[in-house]
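One letter stands for each residue in the lines below.
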2 protein chains.
Amino acid sequence: MLKSAVIAIGKEIISGITQDSNSFYIASNLSRIGIYNRFIMACDDKAQDIVDVVNFCLERVDVVITTGGLGPTFDDITIESVAIALNRKLYLDTDALRFIHDFYSRLHKEGKIESGGINQKRMKMAYLIEGCKPLKNSVGAAWGVYVEQNGKHVFCLPGVPKEMKPMFEGEVLPILKDLSDSSMVVENFEVDINDESVLGELIDRVMGKYPVYIKSLPVGFDSSRMGVRITAYAQTQEQAKQRIEEAKRELINLLNNL
Amino acid sequence: MLKSAVIAIGKEIISGITQDSNSFYIASNLSRIGIYNRFIMACDDKAQDIVDVVNFCLERVDVVITTGGLGPTFDDITIESVAIALNRKLYLDTDALRFIHDFYSRLHKEGKIESGGINQKRMKMAYLIEGCKPLKNSVGAAWGVYVEQNGKHVFCLPGVPKEMKPMFEGEVLPILKDLSDSSMVVENFEVDINDESVLGELIDRVMGKYPVYIKSLPVGFDSSRMGVRITAYAQTQEQAKQRIEEAKRELINLLNNL
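Residues numbered from 1 in each chain as written. Chains lettered and ligands numbered in written order. Predicted model: local features only at pLDDT ≥ 70, side-chain atom pairs only at ≥ 80, totals over all residues. Heavy atoms only, no water.

**Considerations on the overall build of chain A**
In terms of helices and strands, chain A carries nine helices and eleven strands. Expressed along its principal axes, the backbone C-alpha trace of chain A runs to roughly 75 × 40 × 35 Å. The burial tally for chain A puts 59% of its 258 residues in the buried class. Taking all contacts inside chain A whose residues are at least 6 apart in sequence as the whole, residues at least 24 apart take part in 69%. Charged side chains in chain A number 30 positive and 35 negative. The centres of these two groups are separated by 3 Å. (Helix = DSSP H or I, 4+ residues; strand = E, 2+ residues; numbered from the N terminus. Buried < 20%, exposed > 50% of the residue type's maximum accessible area, 1.4 Å probe, protein only. Contact = heavy atoms within 4.5 Å. Lys, Arg positive; Asp, Glu negative; His and termini not counted. Charge placed at Lys NZ, Arg CZ, Asp CG, Glu CD.)

Rendered as structure tokens:
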């Protein structure tokens, strides 16, 4: 099963000015296609921090996805920082350059900004990582990148959600679906018990016997019932469902015999 | 200026089932009292991952705050994992034990759970880190811990927001306010320009001259204006405000001379 990590880059996120919602969105999607997301991280727009966090993740997972830091301002340094982590150079992508030029020219023509074409800051966004597959932006100016290296897969996406989501769904998900070979199924149900510690002991026993992950979900001290979530991975959805059914049957049996 | 990191522990968070809101809440509060929060991380309920993430943060910041993993179930392993990272043992805190016993007995008496008193899983929550200051839970059963070691300050809090927040505000914030010696002021305003790349160059120049952090906030391609956020740290709030005013005056001056 592929393992992944998601990294949100940006000072607003780590300082609690902006709630990171990109990582949750991406992590949900990764789980849904059977990828085990092990880490969510957020760091500053600082080269050393980005390099350290990316390297930490690359030592532990197969897929790393970053969001943020692709824009034209001085603190948008994701591309160059990830290049350092991957020991690669940057190159000027002429397709990206043309795209950015046309993008700003169009906005200028529509009277939305003061100057069209290319300037030094805008040109920065056309420098991509050597050997990457550029990921086109269908909403904004900055392209993302996909780099495959030593069996690792690194994606850098924009931080603005309405730019990131189409790029993730249109460009990243298809690649990952090909790479991933697991199906995951999750089932939620409720049981007639309200004591998390007693339920916990039964969950231990079932997880010892069946290849599933079971989590109890307390609904509060007042309720007479509790939630149970069983997650299973397998080659196919049917196999995963079957594992869940066997584990669920065992758990309910144990509860009835309390 | 103190540096910090916030770590959310729990499989539901990294797999995109539950959005982590605790880290954002804590990071906002830390920034507000002049602490520079450098990282937000989320990892699995796995000892090695918790140890690795905690150690990564301890090498880079002064304050580490974890949420989650203090409960009675088998995957609540934060206390023992953080103890490993700090090379400390656990001990059975008799005050915590008594509290947990009374807590469950009260719920049992109120007819809310099936059995009161202590069992093996509940007792696990009374094992705290040697040398810690226990942090009492005013809502739930699990106490948190505060450990000071080699100039580092580590706090472990519950993951349930309505248990975490009172503990953070009542027990953690007072300690951190004493430790922190910086005041931070943030000012937001708008300027008559809609081109992020042109504004970016002016921001570069102002930040080169004044000890502030300036971020442009695009409000969308349609708007004729843009947002600017200036953040300053200083010994007092007045000094921080003064730095912001000087930087703001310079930026507006440059814009008027475009």
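Still more ground to cover, so stick around.
**Points about the sheet that holds strand E8 (residues 152-157) of chain B**
Pairing in this open sheet of twelve strands is mixed, and the strands run E6(A)-E7(A)-E8(A)-E3(A)-E1(A)-E2(A)-E2(B)-E1(B)-E3(B)-E8(B)-E7(B)-E6(B) from one edge to the other. For this open sheet the edge positions go to strand E6 (133-135) of chain A together with strand E6 (133-135) of chain B, each flanked by a neighbour on one side alone. With direction set aside, neighbouring strand axes in the sheet form an average angle of 15 degrees. Across five bridges, strand E7 (residues 144-149) of chain A lies against strand E8 (residues 152-157) of chain A in antiparallel orientation. Bridge pairing in E8 of chain A places Tyr 146 of chain A opposite Phe 155 of chain A. Strands strand E1 (3-9), strand E2 (36-43), strand E3 (63-67) and E8 of chain B of the sheet are contacted by helix H2 (residues 22-32) of chain B, whose axis makes an angle of about 165 degrees with E1 of chain B. Here helix H3 (residues 47-58) of chain B sits on the sheet and contacts strand E2 (36-43) of chain A together with E1, E2, E3 and E8 of chain B; the angle it forms with E2 of chain B, its principal contact strand, is near 170 degrees. (Pairing = 2+ DSSP bridges. Axes fitted to C-alpha atoms, helices over the stretch in contact; angles between N-to-C directions.)

**A closer look at the pattern of salt bridges**
Opposite charge on two side chains makes pairing possible when the charged atoms of those side chains draw close. This structure, assessed with the given rule, holds 32 salt bridges over all chains. Here Lys 46 of chain B and Asp 44 of chain B are joined by a salt bridge, their closest N and O atoms 3.3 Å apart. Given a relative accessible area of 40%, Lys 46 of chain B falls into the partly exposed group. The buried category is assigned to Asp 44 of chain B, whose relative accessible area is 3%. Sharing partners across several salt bridges, the network here consists of Lys 11, Asp 44 and Lys 46 of chain A. (Salt bridge = Lys/Arg side-chain N within 4 Å of Asp/Glu carboxyl O.)

**Quick notes on H2 of chain B**
Residue and element names in this part refer to chain B. Counting buried positions over the eleven residues of H2 gives nine, a clear majority of the element. Asn 22, Ser 23, Tyr 25, Ile 26, Ala 27, Ser 28, Asn 29, Leu 30 and Ser 31 are the residues of H2 that are buried. At the C-terminal side of H2, Gly 34 shows a positive phi close to 80 degrees.

**Structural notes on the packing of H2 of chain B against helix H7 (residues 161-179) of chain B**
Residue and element names in this part refer to chain B. Across the interface, H2 lies against H7 with an axial gap of 11 Å and an inter-helix angle of 20 degrees. Taken together, the axes of H2 and H7 are roughly parallel relative to one another. The handedness of the crossing between H2 and H7 is right-handed. Along its contact with H2, which presents Asn 22, Tyr 25, Ile 26, Asn 29 and Leu 30, the element H7 presents Pro 161, Met 164, Lys 165, Phe 168, Glu 169, Leu 173 and Leu 176. Partitioned by chemical class, the residues of the contact of H2 with H7 number eight nonpolar, two polar and two charged. (Parallel < 35°, antiparallel > 145°, perpendicular 65-115°, else oblique. Left-handed = near helix turned anticlockwise from the far one by under 90°. Nonpolar A, V, L, I, M, F, W, Y, C, P; charged D, E, K, R; others polar.)

**Some details on the sheet that holds strand E10 (residues 213-217) of chain B**
All names here are of chain B. Read across the open sheet, the three strands follow the order E9-E11-E10; overall the sheet is antiparallel. With partners counted over all chains shown, the strands left at the sheet margins are strand E9 (183-191) and E10, one partner each. Across the sheet, the mean angle separating the axes of adjacent strands is 20 degrees when strand polarity is ignored. Direction of pairing for E9 relative to strand E11 (residues 226-234): antiparallel, over a ladder of nine bridges. The residue of E11 that forms the bridge with Val 185 is Ala 232. Sheet strands touched by helix H9 (residues 237-256): E9 and E11. Its angle to E9, the strand with the most contacts, is close to 25 degrees.

**Looking at the nonpolar core**
Core analysis: the biggest nonpolar cluster contains 82 residues, and Ile 7 and Met 41 of chain A together with Ile 7 and Met 41 of chain B have the highest contact counts within it. In contact with Ile 7 of chain B, not counting residues within four places along its chain, are Met 41, Cys 43, Val 53, Val 54, Cys 57, Val 64, Ile 65, Thr 66 and Thr 67 of chain B. (Core = buried A, V, L, I, M, F, W, Y, C linked by side-chain atoms within 4.5 Å.)

**A closer look at the side chain of Thr 78 of chain B**
Residue and element names in this part refer to chain B. Position of Thr 78 among the secondary structure elements: in helix H4 (residues 78-85). Its relative accessible area of 0% is what places Thr 78 among the buried residues. A polar atom in the side chain of Thr 78 sits 2.7 Å from the backbone oxygen of Gly 68. Beyond its immediate sequence surroundings of up to four residues, Thr 78 is in contact with Ile 9, Ile 50, Thr 66, Gly 68, Gly 69, Leu 70 and Cys 156. (Polar contact = N/O pair within 3.5 Å; in protein donor to acceptor, adjacent residues only side chain to side chain.)

**Some words on the relation of the copies chain A and chain B**
At an RMSD of 0.1 Å, chain A and chain B line up after a rotation of 180 degrees and a shift of 0.0 Å along the axis. Here the two chains are linked by the operation of a two-fold rotation axis. Considering only C-alpha atoms, the residue of chain A closest to the rotation axis is Met 41 of chain A, which sits at 2.2 Å. Comparing interface residues between copies, 100% of those in chain A also sit at the interface in chain B, which points to an isologous, same-surface contact. (Least-squares fit on C-alpha atoms with pLDDT ≥ 70 in both.)

**Focus on the interface of chain A and chain B**
Taken together, the contact pairs 65 residues of chain A with 65 residues of chain B. Here chain A packs against chain B, burying approximately 5,600 Å² in sum over the two surfaces, 53% of which is carbon and sulfur. The tally of links from chain A across to chain B stands at twelve salt bridges. The partner of Arg 60 of chain A in a salt bridge is Asp 52 of chain B, with the nearest N and O atoms 3.1 Å apart. Our count for the chain A to chain B interface comes out at 34 residue pairs in polar contact (both at pLDDT 80 or more). By the bridge criterion, five bridges tie E2 of chain A to E2 of chain B in an arrangement that is antiparallel. Considered in E2 of chain B, the bridge of Phe 39 of chain A is made with Cys 43 of chain B. (Buried area = accessible area lost by both parts, 1.4 Å probe.)

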